[in-house]
Every structure is written in structure tokens, then in C-alpha cells.
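Chain by chain, the residues:
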Amino acid sequence: MKTVQNTPIRIPRPDHTLSRHHISQAALDVLYHLNRAGYQAFLVGGGVRDVLIGRVPKDFDVVTNAHPEQVKSLFHHCRLIGRRFLLAHVHLRGEMVEVATFRAHHGDDATENGRIVRDNVYASSVDEDALRRDFTINALYYDIRDFSVLDYANGMADLRAGLIRLVGSPLLRYQEDPVRMLRAVRFAAKLGFRIEPQTAAPISELGGLLSNIPPARLFEEVLKLFLSGHAVQSFVQLQHYDLFKQLFPYTEACLDDPIMGTLIDLVLRNTDQRKIENKPVAPGFFLAALLWPPLSRFLPENPGKGINQQELLLNAAQQILAKQQVHVAIPRRIIVVMQDIWRLQLRLTGNRRGKKKSLSVLEHPRFRAAYDFLLLRANAGDEQVAADVDWWTQFLKTNDPERETLLSPVARKKRSRRPRKSKKGHE
Ligand code: ATP
Ligand code: MG
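Just so it is clear, the model here is predicted, and its values are computed rather than measured. (Residues numbered from 1 in each chain as written. Chains lettered and ligands numbered in written order. Predicted model: local features only at pLDDT ≥ 70, side-chain atom pairs only at ≥ 80, totals over all residues. Heavy atoms only, no water.)

A. Geometry of the packing of aromatic side chains. All chains considered together, the criterion is met by 15 aromatic pairs. Between F42 and Y141 the ring centres are 5.9 Å apart and the planes differ by 85°, which places this aromatic pair in the edge-to-face class. Of this pair, F42 sits in strand β2 (residues 41–44) while Y141 sits in strand β9 (residues 140–143), and the two are 99 residues apart along the sequence. Take Y141: its relative accessible area is 0%, and that puts it in the buried class. Between the aromatic rings of W392 and F395, the centroid separation amounts to 5.6 Å while the plane-to-plane angle is 80°, which identifies the pairing as edge-to-face. Of this pair, W392 and F395 both sit in helix α21 (residues 383–397), three residues apart, roughly one helical turn. With respect to burial, W392 and F395 carry one shared label: buried. Cluster of aromatic residues (ring-pair linked, three or more members): F367, Y371, W391, W392 and F395. In this arrangement the basic side chain of R186 is found over the ring face of F187, its NZ or CZ atom lying 4.8 Å from the centre. (Phe/Tyr/Trp six-rings, centres within 6.5 Å; stacked < 30°, edge-to-face > 60°. Helix = DSSP H or I, 4+ residues; strand = E, 2+ residues; numbered from the N terminus. Buried < 20%, exposed > 50% of the residue type's maximum accessible area, 1.4 Å probe, protein only. Lys NZ or Arg CZ within 6 Å of the ring centre and 35° of its normal.)

B. Summary view of the coordination of the magnesium ion (ligand 2). Distances from the magnesium ion (ligand 2) to its protein donors, D59 (OD) and D61 (OD), fall within 2.4 to 2.6 Å. According to the relative accessible area criterion, D61 is partly exposed, its value standing at 22%. (Donors = N, O, S within 2.8 Å, 3.2 Å for Na, K, Ca; no water.)

C. Geometry of the environment of D15. Tracing the backbone through its elements, the reader meets D15 in the loop between β1 (9–11) and α1 (25–36). For D15, a relative accessible area of 58% puts it in the exposed group. Taking the C-alpha atoms as reference, D15 lies 9.2 Å from V149; in sequence the two are 134 residues apart.

D. Inspection of the pairing of strand β5 (residues 87–92) at higher detail. With four bridges connecting them, strand β4 (residues 78–81) and β5 associate as antiparallel partners. Considered in β5, the bridge of R79 is made with H89. With antiparallel pairing between neighbouring strands as the criterion, β4 and β5 make up a hairpin whose turn holds five residues, including G82 at a positive phi of roughly 110°. What sits between β5 and strand β6 (residues 95–101) in their antiparallel hairpin is a turn of two residues, with R93 showing a positive phi close to 50°. (Pairing = 2+ DSSP bridges.)

E. Structural view of the pairing of β2. Here β2 shows a buried face lined by A41 and L43 and a second buried face lined by F42 and V44. Pairing of β2 with strand β3 (residues 61–64) involves four bridges; the strand directions are antiparallel. Directly across from A41, in β3, lies its bridge partner T64. As judged from the three bridges shared by β2 and β9, these two strands associate in the antiparallel manner. When the sheet's bridge partners are listed, L43 is paired in β9 with Y142.

F. Representation of the pattern of salt bridges in the model. Going through the model one piece at a time under the given rule, you end up with 25 salt bridges. For the salt bridge of R377 with D382, the shortest nitrogen-to-oxygen distance reads 3.5 Å. A residue is classified by how much of its surface remains accessible, and D382, at 15% relative accessible area, is buried. (Salt bridge = Lys/Arg side-chain N within 4 Å of Asp/Glu carboxyl O.)

G. Fine view of the site of ligand 1. Taken together, 17 residues surround ligand 1, and among them G46, R49, D177, R180 and R186 come closest. In this structure, an oxygen atom belonging to ligand 1 sits 3.0 Å away from a side-chain N or O atom of R133. A distance of 3.2 Å separates a nitrogen atom of ligand 1 from a polar atom in the backbone of D134. Protein chains shield 87% of the accessible area of ligand 1, which is 580 Å² for the free molecule. (Near = heavy atom within 4 Å. Polar contact = N/O pair within 3.5 Å; in protein donor to acceptor, adjacent residues only side chain to side chain. Areas by Shrake-Rupley, 256 points an atom, 1.4 Å probe, with all protein chains shown as cover.)

This is the structure in C-alpha cells:
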């Protein structure tokens, strides 16, 4: 256990590697502007931690003794957001800098079974603010006045040793906010750090506390865990600490099926690879894959003739989504994408290629995602779709006149009666 020292170690500028060149101009503007207005202002969190270990931070978090309304009055484009506590989002130079007011850890914080449900008591000093930070490596402050780094909990030593260590008693800190378990796993995955034994010890036992967290907050954590370039490691760590089942219990229950296990493995790798190549990663695609195994289980194996397959699929989708939403709330706009990808699986498989639909499906805005997903299923060893993938792959490679020969006579005849459509929508 690490406690916070009231007087931090002050590391002067020559003794650390955080230079102003590493900080975005927008974050610097915010720090200077607050400081000139007579407030204290520090960079804290990922913006300090990541730079000190030679990584590029995802964003910059500023902390100050100015209250949110005071911050708002200093910047033209500033919005106050947040329910558990108010934060200022300052928009500057095309960037957003999050500005938080020092907060204190008070005995009279509103709690439910130890969980802090309201955490909006302002503190007057950075010393107090340091107490409520989660990990030692996140309790490092960069002081804009003299460019020194304040280290309250030996975070520098843990950064060097590659350790994720909670500030204070792990049991209490997880009870206060169970999301810290997910954050421990996420930082370990992202930074390639180890979770220090005392910080790691209670996790498997306390995982159930995540059921008290609003599913919308868990959705945000899921995005950070899986769509930031370290999905494979996040999954490994979540499994290790028995936390994956708290987020996706229905997927977890399918992992013993080798094809489904491989499918999940492939989508995790794929997502990380896309990040390496700077390609966008779509939450809808990722989640469609993650929930495909339980969705398949909801589908009857032999539905029999005359049964509307689309209806069966839609029904199964609604059931699995309703169950999943209790744990992780997936926003509506993403559900729509997932359902499209799932529905299109039916149109891309089976004996549909001879029907006129096989061409109109190309124009569906989600065709490419659905095809990529079909490919993933085939690569995972789903033999039922292997032939369909080969057919589509061949079809997409050929040019227009040759495509005609791949279509069945029925489709060719029907198509020749229709005026040709433009080629848009193939991607
Ligand atoms: P990144 O932004 O790279 O994901 P970060 O450390 O900046 O990592 P944020 O979620 O941006 O993480 O939070 C900024 C800082 O706020 C953290 O470094 C930590 O000091 C504090 N913090 C965030 N969430 C919590 C929490 N649940 N409990 C305690 N402190 C927290
Ligand atoms: Mg951050």
C-alpha cells in the first residue's frame, strides 16, 4: 500500500524529461491562461505519465483551484459537463482540454456500500487532490510555474519499475469506485506494466462490484479497453482477473467453443492491427463480432422450411442485446450498425447469390463491414461460410462483365431487364 505524502517530492525541471515540446499548444495555453488569471494550474494524469515514459499522450488533463464557473468565464469555448462532478471542457486550437477543479476526499462523501456516488467537494490545495487519484503513476503533477514535477506517492519509482499501484488501501479504493479495477487492467495492458501484488490481490473477488456501476459508464470503459490499440492485452488481463465475464457474460459463456474463441481472438488482433495502420476502428463492427457467439446460440440450428430467417435473426438479436445492455449499455446508433452487419450475414450466405438481391447488397452502406465480418467468421474456422466468402472474394475481384458469369442464369435474366446501376457502394 502506498500513502500520499503531504509534502511531495519536487523534481526540478533539469531532473525529469517532461519538456513543453511534449505538451500540446492548447494544453499549454490553458495552463498559462489559468496561471496568469491568478490560479494554480497543473497537468496531471496520462499527459504527465505517458510523456515521462516516452509515449505520446492521448489527451491532456489539467487540474486547478479555479472552480468550474471560474474556468468557464476565462475561456470563450468552454462547456461544463458531468453528473458525478462538474468538469470544464475547454475547446481550443481544434483540441479539447479537460479542466478539473481540485477535489477532496471527504469522510462525508455520499456513498452506497462504500461506493462514492457523489464526489464534488472541492479542495483548496493540490496536496488534497493527490489523495483521491487512483494510481501512484497518475498522481504526478506538472507545475506550469516552474516546470517541475510533483510526486506525491512515489509514482516516479513505479513508472521506472513498470508497476500499477493504487494510492491507499486497495480494498477501500475499489469499493469507492469499482471501475478502478478496469482502469488497473487497462493501464497494465496499455503500458505493458505489472499490477503490483497488493493492488492485484482483491480484484478477482471484488469483480462483482462492477454490477453497481451504470452500464453507460462501463460502455465508455469498454471502448477504452478495446479500441485503443491494446485489445488483445486488455482481453488477456480481463480474463486473468475474471473481469471479462462482468462485462460480457454471454460472450464469456461461449469461449469454450473453439470457432467462437478464435473469432474473438481474431477480432481483437484485427482491431489492434488497424490501430497500428492508423485505420479507423468501428465500435459497431467490434461489438457485432463480440456478441456474435451468444447471438448464434440463440438461433435455432435447423429452423425448417418456410421460416423467415431474417425474423429469427432479428428476434435473437433483440434478446441478446436486451440481456447485454444490463451490463454494458451500447448506444442506439451503434446497435443499428451491429444489427445491419448481422442481418447482412444472411444475405451474403447460403444460396442467395443467384437472387437479384446479391447485387443490390453491394450497395448497402454496411456491405464492406458485413463482408469483412464474414471473412473473419471463415478465418475462425466456420466451414459453413467458407464457400460464400470465396465466392464474394472472387466476385469483388472480377470486373463488371465477368461478374455476370458468376451469377446464376436467373439473376442474369432479371438483371438484363433492369437498367444498370452505378458502381457506387462497393466499398
Ligand atoms: P488516459 O487518458 O491515457 O486513458 P489518464 O490517466 O489520463 O489516462 P483519465 O481517465 O483521463 O486517465 O483521468 C485523468 C486522471 O484523473 C487520472 O490519471 C487519475 O489521476 C484521475 N482519475 C480518473 N479516473 C479516476 C478514478 N476512477 N479514480 C481516481 N482517480 C481517477
Ligand atoms: Mg487522460
